[in-house]
Amino acid sequence: MKPQVEIYDTTLRDGSQGEGINFSVADKLRIAEKLDAFGVHYIEGGWPGSNPKDIEFFAQAKKKKFKNAKLAAFGSTRKKNVPVEQDDQVRLLIEAETPVVTIYGKTSMLHVKEVLRCTPDENLAMIGDTVRFLKDHGKFVIYDAEHCFDGYKLDPEYAIATWQAAEKAGADFVVLCDTNGGCLPAEVAAITKTAVGKLNCKVGIHTHDDIGLGVANALAALEVGAVHVQGTINGYGERTGNCNLTSVIPCVALKLKKTSVPVKSLPKLKELSQFVDEIANLRHNPRQPWVGSAAFAHKGGAHVNAVQKLASSYEHIDPALVGNERNILVSDLAGRSNIVVKAQQLGLKVTNDTPELRQILDTIKQREHEGYEFEAAEASMALLIRNILKHEAELKFTVEKYHVSMRRDKKESICEATVKVRVGQTVHHEVAEGDGPVNALDSALRSALAKSFPKLKKVTLTDYKVRILDGVAGTAAKTRVLIQSTDGQREWGTVGVSENIIEASLQALVDSMEFALLKK
Ligand SMILES: [Zn+2]
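As the structure is a computational prediction, the values presented were derived from the model and not from experiment.

## Structural notes on the overall build of the protein chain
Across its full length, the protein chain carries 17 helices and 14 strands. Taking 2.2 N^0.38 as the reference for a compact globule, 520 residues should give roughly 24 Å; the C-alpha atoms of the protein chain span a radius of gyration of 26 Å, in line with that estimate. Dimensions along the principal axes, computed over C-alpha positions, put the protein chain at roughly 80 × 65 × 45 Å. Expressed as a percentage of its 520 residues, the buried residues of the protein chain come to 53%. Counting contacts in the protein chain only where the partners sit at least 6 residues apart, residues at least 24 apart contribute 67% of the total. Summed over its atoms, the accessible surface of the protein chain is roughly 23,500 Å², and 52% of this surface lies on carbon and sulfur atoms.

Quick look at the structure:
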């Protein structure tokens, strides 16, 4: 069944332009897979014409099969006074080999005259030529009308002419963009209504959050006939960010009561939000609407009392609908079923009747309290669950000793690690150098283990992230290390936490190797 509202995610493009956001190609692929599994309809992967890293992303993404989402490459209309077939940036859009191409063009006369510096007619031709060219190459074309609302307010006739130029050339969608993020919901609603009336093709909305109205403006457009909404997970984006899909998705489903992502995905919303923050190496915002840890936390005595009698007295929805939980009475049932689902996804046999479930839940909660985060470290979680089910930590190896040292030799600083591991009765002792202490430790550990487990030679680290956790009063700050590994076929994440960064890294490395050995 066709959804009433399509979700278009641009976390990997517009979102990555946010301050402090920097995704590697591996990060982007992981996020794309997660978004696809969640059920968004489009994933905008990047701008091949502006970023070589994005070309690499599309080359890799081509090899993946997406179940729900269509991949989109983003770019602009052709340059002024250049035939479209000779425009390099447009050529790169086709070479990205995505089913969908999204291009933006100018709506505002001010921008045409002052920024683009071309005639109004040339701008219309740039829009029409580019859309037509992409359609001729078999693309599904989404046209993003930049500065759409500001442009309309300045010169409505010209704004309409630009949308119609895109439509006439065959655009599948005209998406109205509040590029500067300064419009009010009533303006957005009125102008969107006009666009829906004037255009035969479908209309979408793309907003920014500069005055805190990104989500409100998107909903205003959806209420008057827009059927497609663009935004980012957790509202990442330039300046104060894009329209936050983490809020739009539940608003569409639970407030506007329209269909969009699969119903079964909604309870995974919080997990998706945390996952993307983990990959971006950002702390999950506790006050984030819907999915923040404080979104359903009750502190005031009267509230707590009332909520215990009747949950809806101080809650606008049941938190479990979006995978969140009430913060006073941790919902036992929700916690348990989350673990069961998670364990089954990881290939472990756990049901609601598994006697160890209580212990698994308690251990995970305890670890999370200590600073562990399992959203992007599914391999560490799998090991934890498995060890409890087997009533032992059935380790394939143990690290008996390690030593890491660092010295500076003239200009070069050299790190050296020594690791002693035991595999059954055998002990391996290895030394390695590296660019940094963790790199040296990884090399030494891997070469020691490879003697007993040659398959570990294929395992490599693809990412390493460190976060300093807030110190709890009276204790030192802790370090959380998140490691991503691959054996060339699949990737997995592991986590370590300690007051010492090397110790935290070693935990994550050991989990990674242990997990690699588990798999057939
Ligand atoms: Zn934008």
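## With respect to the sheet that holds strand 7 (residues 202–207)
Taken in spatial order, the 8 strands close into a barrel running 1-2-3-4-5-6-7-8, and their pairing is parallel. Neighbour-to-neighbour, the strand axes of the sheet open up by a mean angle of 25°, direction not taken into account. Here strand 1 (residues 6–9) runs beside strand 8 (residues 228–231); their pairing, made up of 4 bridges, is parallel. Looking at strand 8, one finds that I7 is bridged to V229.

## Brief notes about the coordination of the zinc ion
Four donors placed tetrahedrally around a metal ideally meet at 109.5 degrees, and six donors placed octahedrally ideally meet at 90 or 180 degrees. For the zinc ion, every protein donor is listed as D14 (OD), H206 (NE2) and H208 (NE2), and the spread of their distances is 2.1 to 2.2 Å. Of note, the zinc ion draws all its donor residues from one chain, in the sequence arrangement D-x191-H-x1-H.

## What to know about helix 1 (residues 25–38)
Here helix 1 contains 14 residues, and its C-alpha end-to-end distance of 20 Å stays within 8% of the 20 Å for a straight helix at 1.5 Å per residue. Helix 1 sits mainly inside the fold: 11 of its 14 residues count as buried.

## Things to note about the packing of helix 5 (residues 120–136) against helix 7 (residues 156–168)
Think of two packed helices as two axes; the pair is described by the angle between the axes and how far apart they sit. It is the contact of helix 5 with helix 7, at a shortest axis distance of 8 Å, that shows an interaxial angle of 25°. Here helix 7 runs roughly parallel to helix 5, going by the angle between their axes. Viewed along their axes, helix 5 and helix 7 form a crossing whose handedness is right-handed. Touching P120, N123, L124, I127, G128 and V131 of helix 5 are Y158, A161, T162, A165 and A166, all from helix 7. Partitioned by chemical class, the residues of the contact of helix 5 with helix 7 number 8 nonpolar, 3 polar and no charged.

## Here we look at helix 5
The end-to-end C-alpha separation of helix 5 is 24 Å, in line with the 24 Å expected for 17 residues at 1.5 Å each. Listing the buried residues of helix 5 in full gives E122, N123, M126, I127, G128, T130, V131, F133 and L134.

## Topic: unusual backbone geometry
Positive phi outside glycine occurs at H147, with the angle close to 45°. Unlike most non-glycine residues, R239 shows phi in positive territory, near 55°. With respect to the helices and strands, R239 occurs in the loop between strand 8 and helix 10 (245–255).

## Focus on the pairing of strand 4 (residues 100–106)
Where burial is concerned, most of strand 4 is hidden: 6 out of the 7 residues are buried. Pairing of strand 3 (residues 70–76) with strand 4, which is carried by 5 bridges, proceeds in the parallel orientation. Looking across to strand 4, one finds that A72 is bridged to V100. As a crossover connection, the stretch from strand 3 through helix 3 (residues 88–95) into strand 4 is right-handed. Of the pairings in the sheet, the one linking strand 4 to strand 5 (residues 140–146) comprises 7 bridges and is parallel in character. Paired with I103 across the bridge in strand 5 is Y143.

## Observations concerning the environment of G20
Within the secondary structure, G20 is located in the loop between strand 1 and helix 1. Residue class for G20 comes out exposed when judged on its relative accessible area of 60%. Spatially, the C-alpha atoms of G20 and L282 are 8.5 Å apart, while their sequence positions differ by 262 residues.

## Overview of the packing of aromatic side chains
Counted under the stated rule, the structure contains 10 aromatic pairs. Seen from their ring centres, F74 and Y104 are 5.7 Å apart, and the 10° between their planes marks the pair as stacked. With F74 in strand 3 and Y104 in strand 4, this residue pair connects regions lying 30 residues apart in the sequence. Residue class for F74 comes out buried when judged on its relative accessible area of 3%. Note on W492 and F515: the rings are 5.7 Å apart at their centroids and 50° apart in plane angle, and the pair reads as tilted. On the criterion of sequence distance, the pair formed by W492 in strand 14 (residues 491–498) and F515 in helix 17 (residues 501–518) is long-range, its members being 23 residues apart. Residue classification places W492 among the buried positions, given a relative accessible area of 0%.

## Remarks on the pattern of salt bridges
Scanning the model with the defined rule gives 27 salt bridges in all. Here R13 and D14 are joined by a salt bridge, their closest N and O atoms 3.3 Å apart. This pair shows no difference in class: R13 is buried, exactly as D14 is. Among the ionic pairs, R467 bridges to E278, the shortest N-O distance being 3.6 Å. Of this pair, R467 sits in strand 12 (residues 460–469) while E278 is found in helix 11 (residues 269–280), placing the two residues 189 residues apart along the sequence. Taken together, the shared-partner salt bridges in this structure form one network comprising R78, E122, D129 and R132.

## A few points about the packing of helix 4 (residues 109–116) against helix 5
Two elements in contact, helix 4 and helix 5, have axes separated by 10 Å at closest approach and are oriented at 100°. Taken together, helix 4 and helix 5 sit at an angle that is classed as roughly perpendicular. Note on element contacts: helix 5 touches helix 4 through P120, N123 and M126, opposite M109, V112 and L116. Per-class residue counts for the contact of helix 4 with helix 5 are 5 nonpolar, 1 polar and no charged.

## So, the environment of N234
With respect to the helices and strands, N234 occurs in the loop between strand 8 and helix 10. Spatially, the C-alpha atoms of N234 and H111 are 30 Å apart, while their sequence positions differ by 123 residues. If we ignore the near neighbours within four places in the chain, the residues touching N234 are N244, T246, S273, V276, D277 and Q288. A distance of 3.1 Å separates polar atoms of two side chains, one belonging to N234 and the other to D277.

Parameters at a glance
- Residues numbered from 1 in each chain as written.
- Predicted model: local features only at pLDDT ≥ 70, side-chain atom pairs only at ≥ 80, totals over all residues.
- Heavy atoms only, no water.
- Helix = DSSP H or I, 4+ residues; strand = E, 2+ residues; numbered from the N terminus.
- Rg over C-alpha atoms; globule rule 2.2 N^0.38 Å.
- Buried < 20%, exposed > 50% of the residue type's maximum accessible area, 1.4 Å probe, protein only.
- Contact = heavy atoms within 4.5 Å.
- Areas by Shrake-Rupley, 256 points an atom, 1.4 Å probe, with all protein chains shown as cover.
- Pairing = 2+ DSSP bridges.
- Axes fitted to C-alpha atoms, helices over the stretch in contact; angles between N-to-C directions.
- Donors = N, O, S within 2.8 Å, 3.2 Å for Na, K, Ca; no water.
- Expected span 1.5 Å × (residues − 1).
- Parallel < 35°, antiparallel > 145°, perpendicular 65-115°, else oblique.
- Left-handed = near helix turned anticlockwise from the far one by under 90°.
- Nonpolar A, V, L, I, M, F, W, Y, C, P; charged D, E, K, R; others polar.
- Right-handed = clockwise from strand over helix to strand, strands pointing away.
- Phe/Tyr/Trp six-rings, centres within 6.5 Å; stacked < 30°, edge-to-face > 60°.
- Salt bridge = Lys/Arg side-chain N within 4 Å of Asp/Glu carboxyl O.
- Polar contact = N/O pair within 3.5 Å; in protein donor to acceptor, adjacent residues only side chain to side chain.

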